[in-house]
Amino acid sequence: MDLATQQRKLLGLFRSTYEVAADDDAYIRKVARSGDLAEGKKNIALWRVWVFERTCALTVSLLRRRNILESLIKDFITSENISPFRETQAPAFLEWLTKSDDDLVASVAKFELALIRVRQGDRHTYTIAWNFEPSSILHCLAKDLAVESELTPGHYQVVVSHKIPGHFRIYELR
Amino acid sequence: MAAGSQLEQKATTCVSIGATYEGRDPALLARMLPLVDYIEITPETIAEAKGGSRIALSKEVMSELRNVRKEVKFIVHGVGLSIGSHEGWSPTYFHLLDELLDQIEVEWHSEHLAYTKVDGEHLGIMLAMAKTEEALDMICERVMIMQDRYKLPFLLENVVHVIPDAPGDYSDAAFLNEMTRRTGCGLILDAYNLECDAHNHGFDIRGFLGELDMTRVRELHVARGVEDNGYLLDVHSQIAASSTVALAQDVVRESQGSAKVVVYEFMPEAVPGLGYDTIADQLERLQTAFRN
């Protein structure tokens, strides 16, 4: 087996996009059934968790509280081509989460993504819709506390901009 | 040679001490500076996304590094080059390295003997190279290009074997020996990676070191990760074990003066858990082990 074929098949095994055939190379079959492959995949997810804990702490806190952090990271790894450049990983993860069907997850991800961008010098102004009162939720996430008891339905906007002291302001829509 | 000895014996060869630093933690840097001779920088981890996909070094971190350049030497250790990808390496890495070398003086630079992407798709992990003639030819050609381009010593590091080794034409040590012989490049020997391989795959450290030309080893790494499901993981979240330090000492003795520095590697995510005092204690312990 040449280098390119071997690397392509191993990539497929790690990204779960390659099914080993009965007549496949003995080495590829060995890797596919090894515990090493499963452990390697776990290791990939573990690295992402550590990076995200540091670089998008609010969103990680919410996902962990909802017991969906690991499963979402696994889905993210499978579906996205994640750059090895660590500082790009959180923005990519947050961008991916902005499409979530869960309104709160999407709002928190949009907020944290905007905050990262503005803190890095982005001059845009971002306006994010929230269906829950944001201040108590953000307080809980910043302190890594439970948020479920703080979910007060309502219509709010959070504006994120370099022009605002502290970089964001919450508005209630009446 | 007593590879992997559990005792930290006094080293007979004196080497410098280094530590990783990924920026944005000036208090940590200040704490480490009196204890190290070298700071190891990873360009990718001091880079920022500057809108879209453009990646550039953080001005803030580069300023930190420039401010301490009279107190410490710098070495560069990349993670994103992917020198072993069949289709070619990462151009982004070269942009960052160019940018970094324009701003600070470094003693040498290094990468991992591995690949992290295939056909532009990222693995999310480093995989060790197949030890074949085809892979060796490709790696050697690329090492020569690196050395020609930067006119600095270039080292490659043994990575953890995440999966079983593919059938090859060379043993691990013979592959490294031939690579260094053909190109003149140096080696980083990561003592913790060797221990991971021994623990996870029954790798014969003694046999490997016995076969390796250790006069090509310029730098050693010590670190420690966690055990999961019976596997030792290559994460840098703990202080190095005594066995890892002892293994590094063995290599320093056998390197006949070629080994210059032992670097304690830890990731920034581990700093809150470890604490500055523990990191400083680790560096002092390395001073005791390697400066006598």
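Residues numbered from 1 in each chain as written. Chains lettered and ligands numbered in written order. Predicted model: local features only at pLDDT ≥ 70, side-chain atom pairs only at ≥ 80, totals over all residues. Heavy atoms only, no water.

A. Focus on the sheet that holds strand S1 (residues 126–132) of chain A. Residues and elements named next belong to chain A. One open sheet accounts for 3 strands, arranged S1-S2-S3; its pairing is antiparallel. At either margin of the open sheet sits one strand with a lone partner, and together these are S1 and strand S3 (168–172). Averaged over all adjacent pairs, the angle separating strand axes in this sheet is 25°, with direction ignored. Of the pairings in the sheet, the one linking strand S2 (residues 153–160) to S3 comprises 5 bridges and is antiparallel in character. (Pairing = 2+ DSSP bridges. Helix = DSSP H or I, 4+ residues; strand = E, 2+ residues; numbered from the N terminus. Axes fitted to C-alpha atoms, helices over the stretch in contact; angles between N-to-C directions.)

B. Main features of the sheet that holds strand S2 (residues 38–41) of chain B. Residues and elements named next belong to chain B. Within the closed barrel, the 8 strands sit side by side as S1-S2-S5-S6-S9-S10-S11-S14. Their pairing is parallel. Between one strand axis and the next, the sheet turns by 30° as a mean value, whatever way the strands run. Relative to S2, strand S1 (residues 16–20) runs parallel, the two sharing 3 bridges. In the strand pairing of S2, glycine 18 is matched with tyrosine 38. Running over the sheet, helix H4 (residues 133–150) touches strand S6 (109–112) and strand S9 (154–157) and is turned about 145° from S9. (Contact = heavy atoms within 4.5 Å.)

C. Structural view of the side chain of asparagine 200 of chain B. With respect to the helices, strands and loops of the structure, asparagine 200 of chain B is situated in helix H6 (residues 191–201). A distance of 2.8 Å separates a polar side-chain atom of asparagine 200 of chain B from the backbone nitrogen of leucine 232 of chain B. (Polar contact = N/O pair within 3.5 Å; in protein donor to acceptor, adjacent residues only side chain to side chain.)

D. Representation of the nonpolar core within the structure. Judged by nonpolar contacts, the single largest core of 154 residues is most densely connected at Trp130 of chain A together with Met179, Leu283 and Phe290 of chain B. Counting residues per element, this core draws most heavily on helix H7 (residues 103–119) of chain A, which supplies 10 residues. Among residues more than four places away in sequence, those in contact with tryptophan 130 of chain A are Leu104, Ser107, Val108, Phe111, Ile137, Leu138, Gly154, His155, Tyr156 and Val158 of chain A. Judged by nonpolar contacts, the second largest core, of 7 residues, contains Trp108, Leu155, Ile188 and Val263 of chain B. (Core = buried A, V, L, I, M, F, W, Y, C linked by side-chain atoms within 4.5 Å. Buried < 20%, exposed > 50% of the residue type's maximum accessible area, 1.4 Å probe, protein only.)

E. A look at H7 of chain A. All names here are of chain A. Between the first and last C-alpha of H7 there are 24 Å, a value that for 17 residues agrees with the 24 Å anticipated at 1.5 Å per step. Burial runs high along H7: 13 of the 17 residues are buried. N-capping of H7 is provided by aspartate 102, with a side-chain oxygen placed 3.0 Å from the backbone N of leucine 104. Taken from the residues just after H7, glycine 121 is the one with a positive phi, measuring 105°. (Expected span 1.5 Å × (residues − 1).)

F. How the structure looks around the interface of chain B and chain A. Of the residues lining the interface, 45 residues belong to chain B; the matching set on chain A comes to 37 residues. Across the interface of chain B and chain A, roughly 3,800 Å² is buried in total on both sides, 63% from carbon and sulfur atoms. On the chain B side of the interface with chain A, the three residues burying the most area are His122, Pro164 and Glu269 of chain B, jointly 16% of the side's total. On inspection of chain B and its partner chain A, the count reaches 4 salt bridges. Arginine 15 of chain A is the partner of glutamate 121 of chain B in a salt bridge, and the nearest nitrogen-oxygen pair spans 2.5 Å. Along the contact surface separating chain B from chain A lie 11 residue pairs in polar contact (both at pLDDT 80 or more). Those elements giving two or more residues to the side of chain B that touches chain A turn out to be strand S3 (47–49), helix H3 (91–103), strand S7 (114–118), strand S8 (121–128) and H4 of chain B. Broken down by element, the residue count for the side of chain B that touches chain A peaks at 6 residues, all from S8 of chain B. A class-by-class count of the residues in the side of chain B that touches chain A yields 25 nonpolar, 10 polar and 10 charged. (Buried area = accessible area lost by both parts, 1.4 Å probe. Salt bridge = Lys/Arg side-chain N within 4 Å of Asp/Glu carboxyl O. Nonpolar A, V, L, I, M, F, W, Y, C, P; charged D, E, K, R; others polar.)

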